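Take a look at the letters that make up each chain.
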Amino acid sequence: QVQLTESGGGLVQPGGSLRLSCVVNGTIFTMNEMGWYRQVPDNRRELVASVFTGGSTEYGDNVKGRFTISRDKYTVTLQMNNLKPEDTAVYYCNIRFGVGWKYNHWGQGTQVTVSS
């Protein structure tokens, strides 16, 4: 069984920074993709950033240049700088692996609020 445990959310003023971390426990495939998503008002989960085992990354258009994702084997971190009120959301950690991303696991979510 795979479990993801997130930490680092909270309240920050516009222009501030936060760092989210997620630790993965359980048996996973060596080749995998880890990422962060956030819940948007229509209840979709939109991609914030993802990173493959080999290091290649993908970022959502709204966060490019402000957020940085990094990882090791069992941890994925999201450094968020120059935060804006529109970044306010519940952020979810994700890991997926297997053919066709057969195995897809989520964390419980952590609240990020950007407000003065």
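Data block above holds the structure.
K.L.:
Help me understand the pairing of strand β4 (residues 33–39) in this model?
P.N.:
Side-chain positions along a regular strand alternate between the two faces of the sheet. The element β4 is extensively covered by neighbouring structure, given that 6 of its 7 residues are classed as buried. Here 7 bridges tie β4 to strand β5 (residues 45–52), and the two strands are oriented antiparallel to one another. Counterpart to Tyr37 in the pairing with β5 is Leu47. Between the end of β4 and the start of β5, which pair antiparallel, lie 5 residues, with Asn43 showing a positive phi angle near 75 degrees. One ladder, built from 6 bridges, connects β4 with strand β9 (residues 89–97); its direction is antiparallel. Bridged to Trp36 within β9 is Cys93.

K.L.:
Looking at this structure, I do not really get the side chain of Asp87. What am I missing?
P.N.:
By the secondary structure assignment, Asp87 is in the loop between β8 (75–80) and β9. Here the side chain of Asp87 touches Arg66 through a polar contact of 2.7 Å, side chain to side chain. Sequence-distant contacts of Asp87, that is, excluding residues within four places in its chain, are made with Arg38, Arg66, Phe67, Asn82, Val112 and Val114.

K.L.:
Honestly, the packing of aromatic side chains in this entry has me stumped. Any pointers?
P.N.:
For any pair of aromatic rings, the description rests on two quantities: the centre-to-centre distance and the angle between the ring planes. In total, this model carries 5 aromatic pairs according to the counting rule given. Between Tyr37 and Trp106, the ring centres sit 5.2 Å apart and the planes meet at 70 degrees, which makes this aromatic pair edge-to-face. Highlighted residues: Tyr37 in strand β4 and Trp106 in strand β10 (residues 103–106), separated in sequence by 69 residues. Overall, the relative accessible area of 34% leaves Trp106 in the partly exposed class. Over the aromatic face of Trp106 sits the side chain of Arg45, whose NZ or CZ is 4.6 Å from the ring centroid.

Conventions we followed
Along each chain, residues carry numbers from 1 onward, in the same order as the chain's sequence is written. The predicted nature of this model means local features are confined to residues of pLDDT at least 70 and side-chain atom pairs, given and counted, to a pLDDT of 80 or more, with totals for whole chains, interfaces and linings taken over all residues. Heavy atoms throughout the structure, all of them, feed into the side-chain values; hydrogens and water do not. Any residue under 20% of the maximum accessible area for its type is buried, any over 50% is exposed, and the rest in between are partly exposed; the area is computed with a 1.4 Å probe on protein chains only. A run of H or I in DSSP becomes a helix once it reaches four residues, and a run of E becomes a strand once it reaches two; helices and strands are each numbered from the N terminus. Only strands joined by at least two bridges in the DSSP assignment are considered to pair. Polar contacts, as used here, are pairs of N or O atoms within 3.5 Å; protein pairs need one atom able to donate a hydrogen and one able to accept it. Residues neighboring in sequence count only if both atoms are side-chain atoms. The contact definition used throughout considers only heavy atoms, calling two residues in contact when any of these lie within 4.5 Å. Any two of the Phe, Tyr and Trp rings considered here, Trp counted by its six-membered ring, make a pair once their centres fall within 6.5 Å; the pair's planes then place it as stacked at under 30 degrees, edge-to-face at over 60, or tilted in between. Ring-over charges, as used throughout, are those where CZ of Arg or NZ of Lys falls within 6 Å of the ring centre and within 35 degrees of the ring normal.

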